[in-house]
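Residues per chain are reported as follows:
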Amino acid sequence: MFSAVFAATQSAIPASAIASESIAIPLAFEMLGVVVAAATGALTARENKLDLIGAIGLAVLVSLGGGLIRDVILQEGNVYILRQPLALPVAIATAAMVFTFPVMAQKPDRLVAALDIFSVGLFAVMGADKTMLYGYPAITCVMMGFFTAVGGGMLRDVCLARIPFIFQRSNLYAIAAIAGAAVYIGLVKNFAVWNIAAGAVSVSVTVIVRWWSIRYNIMSPTEIDLRKLPEPVKKVARPVVRPVRMAAQHVSTKTSQAAEHARLRKIERQHKRDRQRETRRRRR
C-alpha cells in the first residue's frame, strides 16, 4: 500500500512542477478567448439554420475543440476542457445568449474580428507552451499551437460538411497562428525570454500578421507559377533557380536511365527463362 502511495506521489511531482512553470495566462483573457470563439460558432450556427443544440455544439467545438485536439494528441497532463471549470459553462452560456440575441455579436463586427484574432494568438501561445513544457521538439510545439488556435474552426467546418476555412485561399489566418507559436517557442527556447513577455510578443505578432494581410489584401497562395513572377524577381531568382533546375534535370535523367536499364534487364531475364524452358521442353 505504502509503495503504491509513494509511486503515485512520485508520478505527481513532475506534473505539479510542470504546471508551476507554465505560462500564467490571466483567467479573464482565457475566458475572453472562449467567449469570442463561442460567439462566432453560434453565429455560424444561425447562418446555417441550426437549432439551439446545434449552436451550443458548434460554439463548444470552436472555443474548446482546438485544445481538445491538442490534449488528445499529446496525452500529457490534464485535459483543459475538464480541468478548467469555467470553460464549458462560459461557452454554453455565450452560445445561448448569442443564438437568442445575435445582434450582440453582429453589430460590433469589427470588434469581434479583432478579438477573434487576439484569441487565436492567445490559444496558439497556450498550445505551444504546454507542449514545450513536456519536452517536445520545437516543430511539435508549433504544430500543437497551431492546432490549439485553429483546430476548433476546423472541427466546425467538418461538422458543417464544408472545406475547412484554414485550407482555403484567404487573408493570412492559419499562417498568423503559426507565426505566433513559432515566435513564442523561438523567444523562450533560443533567447530565454520570460514566458509572459514572450507570450505578449507572440500574440502581438499574430495580430499584426493578420492585420497586415487584411490591410494590404495579402492572400495565402493556392498555386505558384514562376513564369508569372515580375521581371525583377526573375532576375534575382534566376542564378538560384537555374542550378537547381539543372540538378533536377540531371537527377531526372539518371532516374529515367536507371529505370530503362532495369526494364531491359527484366525483359532479358524473362527471355532467358523462356529459352531455358523451351530447351527443357525439347529435351523431353
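In what follows, the accompanying structure is described.

1. Observations regarding the overall build of the protein
- Regarding its fold elements, the protein presents eleven helices and zero strands.
- From first element to last, N terminus to C terminus, the protein shows the α and β order α-α-α-α-α-α-α-α-α-α-α.
- Per-residue burial over the protein gives 36% buried out of 284 residues.
- In the protein, once contacts between residues fewer than 6 apart in sequence are set aside, the share between residues at least 24 apart is 74%.

2. Observations concerning the pattern of salt bridges
- What the rule picks out here adds up to eight salt bridges.
- Arg-282 serves as the salt-bridge partner of Glu-278, at 3.4 Å between the closest nitrogen and oxygen. Here Arg-282 and Glu-278 lie together in helix α11 (residues 231–283), a separation of four residues that amounts to about one turn.
- Residue Glu-278 is classed as partly exposed on the basis of its relative accessible area of 29%.
- Connected via shared salt-bridge partners are Arg-70, Asp-71 and Lys-130.

3. Thoughts on the packing of helix α2 (residues 27–47) against helix α3 (residues 52–74)
- Where α2 contacts α3, the two axes come as close as 7 Å, and the packing angle between them is 140 degrees. Of the possible angle classes, the one that applies to α2 and α3 is oblique. Crossing handedness for the pair α2 and α3: right-handed. Of α3, the residues touching α2 (which contributes Val-34, Ala-37, Ala-38, Thr-40, Gly-41, Ala-42 and Ala-45) are Gly-54, Ala-55, Leu-58, Ala-59, Val-62, Ser-63 and Leu-64.

So, how was this worked out
Residues numbered from 1 in each chain as written. Predicted model: local features only at pLDDT ≥ 70, side-chain atom pairs only at ≥ 80, totals over all residues. Heavy atoms only, no water. Helix = DSSP H or I, 4+ residues; strand = E, 2+ residues; numbered from the N terminus. Buried < 20%, exposed > 50% of the residue type's maximum accessible area, 1.4 Å probe, protein only. Contact = heavy atoms within 4.5 Å. Salt bridge = Lys/Arg side-chain N within 4 Å of Asp/Glu carboxyl O. Axes fitted to C-alpha atoms, helices over the stretch in contact; angles between N-to-C directions. Parallel < 35°, antiparallel > 145°, perpendicular 65-115°, else oblique. Left-handed = near helix turned anticlockwise from the far one by under 90°.

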